[in-house]
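Here's the letter readout for the chains.
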Amino acid sequence: MNGTGSLVGAVALVTGAGGEIGGAIAARFAREGACVIVGDVRLDAANEQAKTITEQGGRALAVKLDVSDSQSCAMSVATACETFGKLTILVNVAAAVTRDGTVETLDLEDWNKALAVNITGPFLMAKFAVPAIRAAGGGSIINIASQLGQIGVPRRAPYSTTKAALIHFTKCLAGDHARDGIRVNSLSPGAIDTARSLRRFASREEANKERGPSYLLGRTGSVEEVAAGALFLASDESSFMTGADLLIDGGYLAFKGGLSAKYAE
Ligand SMILES: NC(=O)c1ccc[n+]([C@@H]2O[C@H](COP(=O)([O-])OP(=O)(O)OC[C@H]3O[C@@H](n4cnc5c(N)ncnc54)[C@H](O)[C@@H]3O)[C@@H](O)[C@H]2O)c1
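Residues numbered from 1 in each chain as written. Predicted model: local features only at pLDDT ≥ 70, side-chain atom pairs only at ≥ 80, totals over all residues. Heavy atoms only, no water.

Section: the sheet that holds strand S2 (residues 35-40)
And then number 1: The strand order across the open sheet built from seven strands is S3-S2-S1-S4-S5-S6-S7, with neighbouring strands paired in parallel fashion. Each edge of the open sheet carries a strand with a single partner, namely strand S3 (59-64) and strand S7 (245-248). Sheet twist, expressed as the mean angle between neighbouring strand axes with direction ignored, is 20°.
And then number 2: Where strand S1 (residues 11-15) lies against S2, five bridges are found, and the strand directions are parallel. If you follow Thr-15 over to S2, its bridge partner there is Gly-39. (Pairing = 2+ DSSP bridges. Helix = DSSP H or I, 4+ residues; strand = E, 2+ residues; numbered from the N terminus. Axes fitted to C-alpha atoms, helices over the stretch in contact; angles between N-to-C directions.)

Encoded structure:
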């Protein structure tokens, strides 16, 4: 394990770390020397990820965590502090998969599920993590939002609205805790090649063919590219950043619709 990594001495709690982006962040942080709490509502997936990290020489512990449940959030922070002595980094990755639809076709249940996991979750996690991070002398909170938190998206109001709220919550939290030495930033990925984002397509090839041209770089992103951004926000490399949103979207928002020869002159 890396004794000179940029997170040596750090203790990170990553929610949704049984999933693909959260797992990549947890693994990258461990390679940089952090002790990692791998939290997920799917304990088997969290265990699998923690095992992989440990086998690669890192320090990790899996916990069953439901971010929509206050007691579960409190327990995960307490476990981090008891196991590794402190908490210095929180990464809110967990998000609900919600049905597509309009206000006419979606149920209140769909709406409430998105709110409970995507925005109440980060609120609860921050509520219990802030005192612990302050007690450790400061640290970093990272909220994984989305490029879809910055634009309206057809038939995806619950997801898009909660991601927009998460970007705004980040700014409020940053203001409330800057003087505690806690930096708070959001990270907004564009489409990343995970099962979650590929579920709308028959194959990875079809997804790339359809989505690639909308991205200035001609392709969608990888989990490693998101993990690299999270590492930057977690480490001292971003020491003068707080309340910001780091967009890792291959140029999607800068030039929505992609390049077209028609407009190239
Ligand atoms: N994949 C993309 O294209 C993309 C793009 C932009 C933003 N994001 C965001 O990145 C994050 C991770 O996405 P992913 O593609 O890795 O998805 P994923 O489905 O692989 O990971 C999400 C994880 O969250 C967990 N989870 C769900 N509800 C939970 C709860 N109540 N408590 C704790 N854990 C819970 C799931 O079990 C899963 O392991 C999400 O916040 C997503 O909105 C993803």
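Notes on the site of the ligand
And then number 1: The immediate surroundings of the ligand are formed by 27 residues, with Asp-40, Val-93, Tyr-159, Ile-192 and Thr-194 found nearest.
And then number 2: Taking Arg-42, its side chain carries an N or O atom lying 2.8 Å from an oxygen atom of the ligand.
And then number 3: Partitioned by chemical class, the residues of the shell around the ligand number 14 nonpolar, seven polar and six charged. (Near = heavy atom within 4 Å. Polar contact = N/O pair within 3.5 Å; in protein donor to acceptor, adjacent residues only side chain to side chain. Nonpolar A, V, L, I, M, F, W, Y, C, P; charged D, E, K, R; others polar.)

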